[in-house]
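Geometric and topological summary
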Amino acid sequence: MSDTTHDGAITMSPPPSSDAGLSPAELAAKHGLTVSGARPGLAEYVRQLWGRRHFILAFSQAKLTAQYSQAKLGQLWQVVTPLLNALVYFLIFGLIIGANRGMGTEIYVPFLVTGIFVFTFTQTSVMSGVRSISGNLGLVRALHFPRASLPISFSLQQLQQLLFSMVVLIAIVMAFGSYPSLSWLLVIPALALQFVFNTGLAMIMARLGAKTPDLAQLMPFIMRTWLYASGVMFSIPLMLKDKPAWIADLLLYNPAAVYMDLIRFALIDGYGSEYLPQHVWATALAWAIIFGVGGFVYFWKAEERYGRG
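The rules we used
- Residues numbered from 1 in each chain as written.
- Predicted model: local features only at pLDDT ≥ 70, side-chain atom pairs only at ≥ 80, totals over all residues.
- Heavy atoms only, no water.
- Helix = DSSP H or I, 4+ residues; strand = E, 2+ residues; numbered from the N terminus.
- Buried < 20%, exposed > 50% of the residue type's maximum accessible area, 1.4 Å probe, protein only.
- Polar contact = N/O pair within 3.5 Å; in protein donor to acceptor, adjacent residues only side chain to side chain.
- Contact = heavy atoms within 4.5 Å.
- Phe/Tyr/Trp six-rings, centres within 6.5 Å; stacked < 30°, edge-to-face > 60°.
- Lys NZ or Arg CZ within 6 Å of the ring centre and 35° of its normal.
- Salt bridge = Lys/Arg side-chain N within 4 Å of Asp/Glu carboxyl O.
- Patch = residues over 30% accessible without salt bridge, like charges linked within 9 Å, V, L, I, M, F, W, Y side chains within 5 Å.
- Areas by Shrake-Rupley, 256 points an atom, 1.4 Å probe, with all protein chains shown as cover.
- Lys, Arg positive; Asp, Glu negative; His and termini not counted.
- Charge placed at Lys NZ, Arg CZ, Asp CG, Glu CD.

**Some points on the overall build of the protein**
A tally of helices and strands in the protein yields 13 helices and 2 strands. Here the protein holds 309 residues, and the buried ones make up 44% of them.

Printed below as a string of structure tokens:
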């Protein structure tokens, strides 16, 4: 096609484009373009995570090594910190307040130390999860990888720290008269279920913390309340035997108490099934599935928004 201008010159008009009238989405589809950083499907996301499994393990080990690198005692603080907490709680709750009612020292001390170690596993997983995205924005913005790798890595780091501390826990349990038996094998499925629960909760908190960084300042108060409500320092059935039954049930079936009591039941000879709620293993499995699967899906739904804004 040609046109004549006012001065007599002839100009050629380009032929009409086949892209004329197409929307941006239609243009992208036509030319095979995709959105940068778009969220993959759930199955594809799981496949990508599996492909990054070596990174997840290496990242968790590096964080664990660096955690106490500036301290003279180094990795020993992984054990010393919960032991000091247990000592403080024993002095206050065991000796002064008498929270060990109904339990002799040979049961109460392992009961308390086990509770501190196991609850610390959940507490540190949650606190690490809150900061896993907001505290690693440089990494998130510089590299393309499934963002769930970060909260999973931090939860795996806390599991490794707990396993390191279990050596001391087992020594304390044996020092107070509980020796290895077949019931100790129950620790393995109990910790596995707790790890799944912790990871799911960490992913929920990671998404919330990425949107609201100030949540990290609020979480210590929430975790402290959860600690006191979970029977870390006292037996819930014994302490609340004069209270309405629904109060004890509410506290007994909270996930932190469930996982603590399963491990106490496995390790401590004098801690029998009478201290456990009914269907405790089914409850532990339900908490792991609800938070593990639900937390993963909840985190995945915001995948494309992490590190932006």
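**A look at the side chain of Gln-158**
Within the secondary structure layout, Gln-158 lies in helix 7 (residues 149-175). Among the polar contacts made by the side chain of Gln-158, one reaches the side chain of Thr-124 at a distance of 2.9 Å. In contact with Gln-158, other than residues within four places in its own chain, are Phe-121, Thr-124, Ser-125 and Ser-128.

**Some thoughts on the packing of aromatic side chains**
Taken as a whole, this structure holds 12 aromatic pairs when the rule is applied. Arranged with centres 5.6 Å apart and planes meeting at 45 degrees, the rings of Phe-111 and Tyr-271 form a pair that is tilted. One end of the pair, Phe-111, is in helix 5 (residues 105-131); the other, Tyr-271, is in the loop between helix 12 (255-267) and helix 13 (280-300), with 160 residues separating them in the sequence. Among the residues examined, Phe-111 registers a relative accessible area of 0% and is labelled buried. Among the aromatic side chains, those forming a connected cluster through ring pairs are Phe-55, Phe-59, Phe-145 and Phe-154. The ring of Phe-145 has Arg-147 sitting right over it, with the charged end atom 4.8 Å from the ring centre.

**Focus on the side chain of Ser-149**
Of note, Ser-149 is situated in helix 7. In this structure, Ser-149 is in contact with Leu-49, Arg-52, Phe-55 and Ile-56, ignoring residues within four places of it in sequence.

**A closer look at the pattern of salt bridges**
For the coordinates displayed, the defined rule picks out 2 salt bridges. For Arg-47, the salt bridge is made with Glu-44, and the minimal N-O distance between the two is 2.5 Å. Placement of the pair is Arg-47 and Glu-44 together in helix 2 (residues 42-51), with a separation of 3 residues, close to one helical turn. Judged by relative accessible area, which is 31%, Glu-44 ranks as partly exposed. When the shortest N-O distance is used, the salt bridge between Asp-261 and Arg-264 registers 3.3 Å. One end of the pair, Asp-261, and the other, Arg-264, are both in helix 12, 3 residues apart, so they sit about a helical turn from each other.

**Details of a positive patch on the surface**
Where like charges cluster on the molecular surface, the positive patch consists of Arg-39, Lys-211, Lys-301 and Arg-305. Positionally, Lys-301 belongs in the segment after helix 13. Classification of Lys-301 as partly exposed rests on a relative accessible area of 42%.

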